[in-house]
Amino acid sequence: MPTTFVYMDIYRCAKIARIAVESYLQHYKNQNIYLYGVPEDFKWFSDLMTFGNVVFVDISDDDLLLKRWNIHGHWGTAHLWAKLIKEREEDFLIHLDSDIVFRGPALDPIFTQIEMGFDLIGSSRNYKNNFNNQDNVRHLPDLVQTAIFAFNRHKISDHPFEELVEMSRGNFNPLGHPVIDFFDPVMFEMIKNDAKVFHLEIEEYGGTHRDGHRNNKYGELNKYFDIGDLFLHFASVGSGMKYFYDPFTRFFTPKSYVQHGIERYWLFCNVFYQQNLSIAEKGKAEKIYQQFKVEIAKGVSLEKMRKGINFEILDSNYIIPKFKYPELAYTVFKEFVGKVIKRLKKYL
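Residues numbered from 1 in each chain as written. Predicted model: local features only at pLDDT ≥ 70, side-chain atom pairs only at ≥ 80, totals over all residues. Heavy atoms only, no water.

Colleague: Before we move on, can you summarise the sheet that holds strand E5 (residues 100-102) with the specific residues and values?
Modeller: The strand order across the open sheet formed by 3 strands is E5-E12-E11, and the pairing between neighbours is antiparallel. In the strand order of this sheet, the two ends are held by E5 and strand E11 (226-227), each with one partner. Here E11 pairs with strand E12 (residues 231-233) via 2 bridges, running antiparallel. Note that in E12 the partner of isoleucine 227 across the bridge is leucine 232. (Pairing = 2+ DSSP bridges. Helix = DSSP H or I, 4+ residues; strand = E, 2+ residues; numbered from the N terminus.)

Structural data, given as structure tokens:
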């Protein structure tokens, strides 16, 4: 049996990750989960420390990692993933997003497919039938979504660390062709190295079918989230929390996505913390909350596991790092200008 390593990065989003971990522990009491964050994040889990399979990994001393995470979340995430690929000894890394809910034993089908010899396991990330209107990639094989997925690190070629970081970010593809999303260059390289891909069932994990539709038994709800019998993925909640608390971060982001993220965060806080945030527009989130709040909360024991911890105090003291330092703001601005120039070159 190949060895596995289950992990989640919770830096700056422990309030969100708390729900994911609560739901995880409903189904997995012996399978370790490694949480990467700082002591301020770990306070959200103080009452769960009696669970021997929750392992906290303090990244406070990794200055470069924290700086990258504070500048751009995906840059920090890519740095951590590259570090784990290089340093962990297990055969398979299993990543869990912080904004997910275990509605059932969602890791079991993944473990089964690892035993069956598959190397890359997750819900479908469509290339042939993509929704991004990228016709120049429809000839490429479908990959997997990264909200809950497993990958065989032995199928990844050896790269210098910084190159692997940029591949993980989706900024550099050694194969030369365009990609759609985060970590895609790494997955394409795995396929080139004969990795076998398995796509999880849409009825169990929600999301998108390889045929290009989102139809499953959850109907409208799976068009808003990725939701199935075993799993729910909110998406955009971490961004929404950042935009809600730090208006400066909205400056370089399309207004529509900022509003989308804040609505998701409002919905998340209402369902799982009974916290009605004051926002100008709730959009579709309010309708979803009224119709489906019980279904969304399925899998999380809101009363059973919350003894001896005051979430209101934690929330009031939870500091979202802001761009207090000129070099951080300059780096963000430089990245923004770089993206604008890259897009303009397509039309020149």
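That shown, we press on.
Colleague: Could you give an account of the nonpolar core, naming the residues involved and the relevant values?
Modeller: Ranked by internal contacts, the top residues of the largest apolar core, which has 71 residues, are Leu96, Leu107, Ile110, Leu267 and Phe272. With 10 residues, the single largest contributor to this core is helix H11 (residues 255-273). Residue contacts for leucine 107: discarding those within four places in its chain leaves Val6, Tyr24, Tyr28, Ile94, Leu96, Phe102 and Ile148. Tyr11, Leu140, Val179 and Phe182 belong to the second-largest nonpolar core, a separate cluster that totals 40 residues. (Core = buried A, V, L, I, M, F, W, Y, C linked by side-chain atoms within 4.5 Å. Buried < 20%, exposed > 50% of the residue type's maximum accessible area, 1.4 Å probe, protein only. Contact = heavy atoms within 4.5 Å.)

Colleague: Quick rundown of the pattern of salt bridges? Include the residues and the values.
Modeller: Scanning the entire structure with this criterion turns up 17 salt bridges. Across the salt bridge formed by arginine 18 and aspartate 47, the nearest N and O atoms sit 2.5 Å from each other. One end of the pair, arginine 18, is in helix H1 (residues 14-25); the other, aspartate 47, is in the loop between helix H2 (39-42) and strand E3 (54-58), and 29 residues separate them in sequence. The partner of arginine 214 in a salt bridge is aspartate 226, and the shortest N-O contact between them spans 2.6 Å. Taken together, the positions of arginine 214 in the loop between helix H8 (202-205) and helix H9 (220-224) and aspartate 226 in strand E11 put the pair 12 residues apart, joining distant regions of the chain. Within this structure, Arg18, Glu22 and Asp47 form a network of salt bridges that share partners. (Salt bridge = Lys/Arg side-chain N within 4 Å of Asp/Glu carboxyl O.)

Colleague: An account of the side chain of aspartate 226 is requested, with residue identities and associated values reported.
Modeller: Judged by relative accessible area, which is 19%, aspartate 226 ranks as buried. For aspartate 226, the side chain forms a polar contact with the side chain of arginine 214, separated by 2.6 Å. Residues in contact with aspartate 226, not counting those within four places in the same chain, are Tyr205, Gly206, Gly207, Arg214, Phe231, Leu232 and His233. (Polar contact = N/O pair within 3.5 Å; in protein donor to acceptor, adjacent residues only side chain to side chain.)

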